[in-house]
Amino acid sequence: MKRLLIQRLVSAVFVMLIASFLSFSLLFSAPGNPAETILRQQSGLDPTYDEIELFMKRHDLNRPFLVQCLQWLYLLTHGKLGVSLRTGEPVLEEFTARFGATFQLAVAAMALSVIIGLPIGVFAATKPNSLFDHIIRVVSLAGVSIPEFWLGLMLMLCFSLALGWLPCFGHGTVRHLVLPMITLAVGITASLMRFVRTSMLEVLNLDYIKTAKAKGLREVVIVWKHALKNALIPVVTILGTQLGHLLAGAVIVETVFSWPGIGKFFVDSIYARDYPVIQGFVLIIAAIYVLVNLLVDILYVYLDPRVRYEGRS
Amino acid sequence: MQLKMKGYLRTVTIALISLFLISVAAGCAKTGDQAPVDRKEKVLRLGAVYDFKEATEGKNLIFERLVGVDREGNPVPQLAESWDVSEDGKTYTFHLRKGVKFHNGTVFDASAAKFAFQWIANNAPFGNYVEKIETPDDNTLKVYFKEYYAPFLLDLASGWTSPVICPEAVEPVGSVDGKLTKFIGTGPFKLVDYEKDKQAVLVRNDEYWGNKPKVDKVIWKTIPDPHAQIVALKAGEIDMIGITEHHSSIPYVEVPGLRKAGIKVEETSYGRYQVLEFNCQKEPFNDKKVRLALNLAIDREKMVKELFGGLPEPAYTITAPWFKYGPSNVKQKYGYDPEKAKQLLAEAGWRDTDGDGILDKNGKPFVFELLIPAGEANADAVAVFVQSELKKIGVQMKLLTLESGAAWDRSGKGEYDMFVHHSGCLPSIPGGIGIGQKYHSKSKSWPAAYHAQELDRLIEKAWSTPDESERKKICDEIWEILHQEVPCIPLYDIVKVVAYRDNVSGFKPAPTMFDMELQHIEVK
Amino acid sequence: MYILEVTRGKKMLLTGSILIFGFMALAVFAPFIAPYDPDDVKVEKRLLPPGEHHLMGTDGFGRDIFSRVVFGTRYSLFLALVVVSINLLLGLMVGSIAGYFGGLIDELIMRIVDILLAFPNIILALCIVGVLGPSIQNLILALVALGWVGYTRVSRGLVLSIKEQGFIGAAKALGGSNMYIIMRHIIPNAFPPLLVLATLHVSHTILSIAALSFLGLGVQAPTPEWGAMLSEGKQFIFTHPHVMIFPGVAITLSVLSFNLLGEGLRDVLDPRAREVLNV
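Here the structure is a predicted model, which is why all the values come from computation and not from measurement. (Residues numbered from 1 in each chain as written. Chains lettered and ligands numbered in written order. Predicted model: local features only at pLDDT ≥ 70, side-chain atom pairs only at ≥ 80, totals over all residues.)

(A) Highlighting the overall build of chain A. Looking only at helices and strands, chain A features 14 helices and 0 strands. Beginning at the N terminus, the succession of helices and strands in chain A can be written as α-α-α-α-α-α-α-α-α-α-α-α-α-α. Taking the principal axes of the C-alpha coordinates as reference, chain A spans close to 85 × 55 × 30 Å. In chain A, which comprises 313 residues, the share counted as buried stands at 49%. Considering only residue pairs separated by 6 or more positions, chain A has 74% of its internal contacts joining residues 24 or more positions apart. (Helix = DSSP H or I, 4+ residues; strand = E, 2+ residues; numbered from the N terminus. Buried ≥ 20, exposed ≤ 12 C-beta atoms within 10 Å, placed from the backbone. Contact = placed C-beta atoms within 7 Å.)

(B) Main features of the overall build of chain C. Scanning chain C for helices and strands turns up 12 helices and 0 strands. Counted from the first residue to the last, chain C has its helices and strands arranged as α-α-α-α-α-α-α-α-α-α-α-α. For chain C, the proportion of its 279 residues judged to be buried stands at 53%. Relative to all contacts within chain C whose residues are 6 or more apart in sequence, the contacts with residues 24 or more apart total 70%.

(C) Representation of the confidence of the model for chain C in the model. Residue and element names in this part refer to chain C. Chain-level statistics for chain C give a pLDDT mean of 78 and a share of 79% at 70 or above. Mean pLDDT per element in chain C: helix 12 (residues 271-277) is the minimum at 47, and helix 4 (residues 65-101) is the maximum at 87. Note that pLDDT drops below 50 for residues 272-279; the model gives that stretch 20 contacts with residues more than four away or on any other chain. Listed scores for the predicted complex are pTM 0.82 and ipTM 0.77. (pLDDT = per-residue confidence, 0-100.)

(D) Broad picture of the nonpolar core. The biggest cluster of nonpolar side chains holds 318 residues, and the ones touching the most others in it are A109 of chain A together with I478 of chain B. Element by element, the count of residues in this core is highest for helix 4 of chain C, at 17 residues. Excluding anything up to four places from it in sequence, A109 of chain A contacts M181, L184, A185, I188 and L246 of chain A. (Core = buried A, V, L, I, M, F, W, Y, C linked by C-beta atoms within 7 Å.)

(E) The arrangement of the interface of chain C and chain A in detail. With 40 residues of chain C in contact, the opposing surface of chain A contributes 41 residues. Taken together, the elements giving at least two residues each to the side of chain C that touches chain A come down to helix 5 (103-117), helix 6 (121-132), helix 9 (178-214), helix 11 (242-268) and helix 12 of chain C. Considering each element in turn, the side of chain C that touches chain A owes the most residues, 9 residues, to helix 11 of chain C. When the residues that make up the side of chain C that touches chain A are grouped by side-chain class, the tally is 27 nonpolar, 7 polar and 6 charged. (Nonpolar A, V, L, I, M, F, W, Y, C, P; charged D, E, K, R; others polar.)

(F) Seen up close, the pairing of strand 4 (residues 80-85) of chain B. Residue and element names in this part refer to chain B. Of the pairings in the sheet, the one linking strand 4 to strand 5 (residues 91-96) comprises 5 bridges and is antiparallel in character. By the bridge assignment for strand 5, D84 is matched with T93. The loop that links strand 4 with its antiparallel partner strand 5 comprises 5 residues; one of these, G89, has a positive phi angle of about 75 degrees. (Pairing = 2+ DSSP bridges.)

(G) Summary view of the environment of F152 of chain B. By secondary structure assignment, the location of F152 of chain B is in helix 4 (residues 152-156). Along the sequence, F152 of chain B and R457 of chain B sit 305 residues apart, while their C-alpha atoms lie 21 Å from each other.

(H) Focus on unusual backbone geometry. All names here are of chain B. Cis geometry marks the peptide bond from E171 to P172; its omega dihedral reads -5 degrees. One can find P172 in the loop between strand 8 (170-171) and strand 9 (179-180). The omega angle of the peptide bond from E283 to P284 is -10 degrees, so this bond is cis rather than trans. Looking at where P284 falls in the secondary structure, it is placed in the loop between strand 15 (273-278) and helix 7 (288-296).

(I) Representation of the pairing of strand 10 (residues 189-195) of chain B within the structure. Residues and elements named next belong to chain B. Sheet topology places strand 10 next to strand 11 (residues 199-204); 6 bridges connect them, and they run antiparallel. Opposite K190, over in strand 11, you have V203 as the bridge partner. From the end of strand 10 to the start of strand 11, which pair antiparallel, there are 3 residues, and D197 there has a positive phi angle of about 60 degrees.

(J) Representation of the sheet that holds strand 11 of chain B in the model. Residues and elements named next belong to chain B. Taken in spatial order, the 7 strands of this open sheet run 10-11-12-1-13-22-14, and their pairing is mixed. The sheet is open, and its two borders are formed by strand 10 and strand 14 (264-268), each paired with just one other strand. The sheet contacts of helix 5 (residues 226-235) involve strand 1 (43-48), strand 13 (240-241) and strand 22 (496-500), and relative to strand 1 the element is tilted by about 155 degrees. (Axes fitted to C-alpha atoms, helices over the stretch in contact; angles between N-to-C directions.)

(K) The arrangement of helix 10 (residues 379-392) of chain B in detail. Residue and element names in this part refer to chain B. Taking 1.5 Å of rise per residue, 14 residues should cover 20 Å, and helix 10 covers 20 Å from first to last C-alpha, within 8% of that figure. Across the 14 residues that make up helix 10, a large majority, 11, are buried. Residues A379, D380, A381, V382, A383, V384, F385, V386, Q387, E389 and L390 constitute the buried set of helix 10. At the C-terminal side of helix 10, G394 shows a positive phi close to 90 degrees. (Expected span 1.5 Å × (residues − 1).)

(L) Local environment of the sheet that holds strand 20 (residues 418-422) of chain B. Residue and element names in this part refer to chain B. Here 5 strands make up an open sheet; going across it, the order is 19-18-20-15-21 and the pairing mixed. For this open sheet the edge positions go to strand 19 (396-402) and strand 21 (488-493), each flanked by a neighbour on one side alone. Adjacent strand axes in the sheet meet at a mean angle of 25 degrees, parallel and antiparallel pairs treated alike. Relative to strand 20, strand 15 runs antiparallel, the two being bridged by 5 bridges. From the neighbouring strand, F278 faces strand 20, where its bridge partner is M418.

(M) Spotlight on the environment of N87 of chain C. Residue and element names in this part refer to chain C. Structurally, the position occupied by N87 is in helix 4. On the basis of neighbour counts, which here come to 24 C-beta atoms within 10 Å, the residue N87 falls in the buried class. Between the C-alpha atoms of N87 and T152, which are 65 residues apart in sequence, the distance is 9.2 Å. In contact with N87, not counting residues within four places along its chain, are V144, G147, W148, Y151 and H201.

(N) Structural view of helix 12 (residues 262-272) of chain A. Residue and element names in this part refer to chain A. For helix 12, a buried count of 10 out of 11 residues is recorded, marking the element as mostly surrounded by other parts of the structure. Listed in full, the buried residues belonging to helix 12 are I262, G263, K264, F265, F266, V267, S269, I270, Y271 and A272. One or two residues past the end of helix 12 sits R273, with phi positive at roughly 60 degrees.

(O) Examining the packing of helix 4 of chain C against helix 11 of chain C more closely. All names here are of chain C. Packing of helix 4 against helix 11 leaves a shortest axis separation of 11 Å and a crossing angle of 35 degrees. Relative to helix 11, the crossing made by helix 4 is right-handed. Residues I65, V69, G72, S76 and L77 of helix 4 pack against V243, F246, P247, A250 and S254 of helix 11. Class assignment for the residues of the contact of helix 4 with helix 11 results in 7 nonpolar, 3 polar and no charged. (Left-handed = near helix turned anticlockwise from the far one by under 90°.)

(P) Structural view of the packing of helix 12 (residues 453-464) of chain B against helix 13 (residues 468-485) of chain B. Residue and element names in this part refer to chain B. Viewed as axis vectors pointing N to C, helix 12 and helix 13 meet at an angle of 155 degrees, and their least axial separation amounts to 9 Å. If you check the angle between helix 12 and helix 13, you find them roughly antiparallel. Like other packed secondary-structure pairs, helix 12 and helix 13 cross with a definite hand, here left-handed. Where helix 12 approaches helix 13, its residues E454, L455, L458, I459, K461 and A462 are matched on the opposing element by R471, I474, C475, E477, I478 and I481. Looking at the contact of helix 12 with helix 13 residue by residue, the class counts come to 8 nonpolar, no polar and 4 charged. (Parallel < 35°, antiparallel > 145°, perpendicular 65-115°, else oblique.)

(Q) Examining the confidence of the model for chain A more closely. Looking at chain A, the pLDDT average stands at 80 and 93% of residues meet or exceed 70. The weakest mean pLDDT in chain A belongs to helix 14 (residues 305-310) of chain A at 56; the strongest belongs to helix 5 (residues 91-126) of chain A at 89.

(R) How the structure looks around the environment of H103 of chain B. As for its position among the elements, H103 of chain B is in the loop between strand 5 and helix 3 (110-121). Setting aside residues no more than four positions away along its own chain, H103 of chain B makes contact with I184, G185, K190 and N205 of chain B.

Have a look at this one:
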């Protein structure tokens, strides 16, 4: 177990650094200059050549590519992620100030999806080809087919404008959370229902389940204790990926609902060529992905004893 | 590790449900910004697209400048009550207003002004031209220039360039190279609370030297999506929108709907026109006739009526004629005359020889590309309209929208046929006719704009003479030449639209699009 | 009740296929089906609600929405198919190599996969489109650059499990070269489950294309692509919602049809394929 962890940690660091480096290189080689974009956006006027030069000098943007990379690495070893070119605040602060909102939305959407999707998927699998099962299959297929941004806007149209029940922007109370959370949860729940159902169906067809049935164990016990554990393995992988994406900031939903998370800030920083923010955020997001994957792998260990003995399967 | 089979599923379920509840509850625990407002307190809630600290407009509520500017571009007193300029234009003597205090109680006197000025000069365009600064007494600031720098007062009037800050507002304290960390100024409002990307709370500055605001509090709420803003306005969650952005954040098409819903909407022109810049340095637009032809081919009246409900005015000059140095003398207007346009094109050698509906010359069809920077207000709508107008005279325009960084990169290199832009406005020199600006050949950002030696000479002459009436005469000549040469296609006046609920009264538009005059506003 | 039977394997396949066939027909015969020119700007007729002359109403420029939706099938469908085909081939090759050779090559390839998975696809899309300019080719490039990764993982898993099953051992014993084995044994066996994955991926890609165009990073105006239409229609959502509703429905239906096809295929194909897919 310990060796596994260390191995993962090392490769995690490797992955993080490379991802961050790649982001920086890509953005650096893209046309467009942070000085110009940021000055233009903030002042509202075309920046003069002198203003641009001054900005570049102030933020060490004139140095060659490799020097900037090394500078950033140096800062990193001191535990700093640099300062945003746009706001002048430390990158880490920009992240933590907004991550709470993203985390809240991600967890709420994920939890809602699991609470609804998991039991329904399992139940549908226990009654294959019944009316219920068919309805669930239709619903889940529809659910994954709807484009997220369109759904968000339609929900907004219906519940905010037409009915006036819910606010359509902002952050602060439960009522604000509802629409963005539902928008995200629909896709995940639908997908989850499908996966759980498929996975459960297979497990339920396996020999050892049939044996258990023959032995006379109660259906509920079979399904919910034995079968589910095994069925969850692939499901957990999918959930892990989804969670990772959510935590990286569901950009479109955040934009549509004006949700103050990291996603929108991230995209705005891309447009502004705010290199330190991009590098820092990609690093942190990569770390989050790695962490989530690690958690998923640990869950594997609990769910599938085979993994414990064979290492990575 | 032996797993307790029974407990595991239960634990997981409980964990999930509690996680869900916690995250939801955490949302409630955060600032309840829907908290009922104290009846007696008069609060003005603004909906803003940008975060308070990111937007110049926000800064301009807290900080003031030495001089202000009026709508036409004349400098007016602000923190400086009056000033004298020497004959040669190289020495400015500012007589500072007495009895002004910063928000933290520090007195605004000559030494404070000197500090602020030095801090500003570090970044301002005029910084390189300043020779020395003197404070002969507590209320006088003298600035000596190495050479005459014409736009100095306009630069001082810009909230972006020259906010007068308190020495304690920077870090390290009192350092002219310091970074602005605290918002401590002399303005009519004080910043008391700020949450990134969410909102900022300002209260009235009771010690303000000028007209004290009538409202007690202003709340700046960050709502990035303009439609969400409109919904919030209609629902009564905010009182006023559109005032916090210099370009208009309210789409023009929404205005009739807003008015119908009982919302007051006011539009103000700041002389900023949306224009299509030609690349005058290469085919096909290096020919004046072609440029003029395209100008005549577009029915601007129809465009503003159909696309914008008639809200903005169509524009026929390069920039607003009513500016102090604006093209008030220009008689030629680019009207709507598609027949003449076709004729001009034919004279320039463009005919439809193969009958495919597109003009051609020397075997090449008249096809070009319009470069649109993403985010330029209304640009997409306008582009499609212009495309269809040009099709009628046999010109094919393709559209290329690039995200803004890439688009401006290309424009800076002159890599475009036509580019969607806007003419300048206050507090910089409108129309971009200054030294080193758009129409000057030494411009580093506009190599493809129209340039000419005679134009350069005139521009340099205009901005090196301290005599204002002389300057006006020369600017008139410049505008004559420019309008003869047709460097761009002016389209319409990008008016700033402000919408507010009927519980708000006393709204007055500010002289520039970057300022807000909230002092007269009352909230019921 | 057919609508419920729809979710039975074969019927799903059938329904999905019919729908897809319908969309393909729209795409191919668009000029004959669409009543108006999708790019015909008639500013006087803008924002008309659905009515007798215009089945789905008109958009902000007076263009007939129905015609634009019909022509839009070309962009969404064909683009998605192209992207997925490329991804499939690429991922299959790389994954097979990783699974087959194992060891260091496998480690290296999976590392790269991990890195790409950790990469926010918006940055990649933005940079590609920014550096190279927004165009259909570059959009394809952006989607392919990250999309092949999913197939690699699955192919690798498939190869590993096939390895266990002795085909390979036998072939090797008979003296087959590595390349031969990969081509003749592995790839044909891996194809069916990958096909299911690909079908499902098409729907995912259609959504991605729409999302990117919605953000302005995909197909450019005035091309009648559904995501771009949604983006243009967003400003009218409160006043003229029909501009947004129809393209959204189009996207949902087309995505749904590919999902039906994929699910149907999955149900109908070798059940062993399902097992492997879930790994």
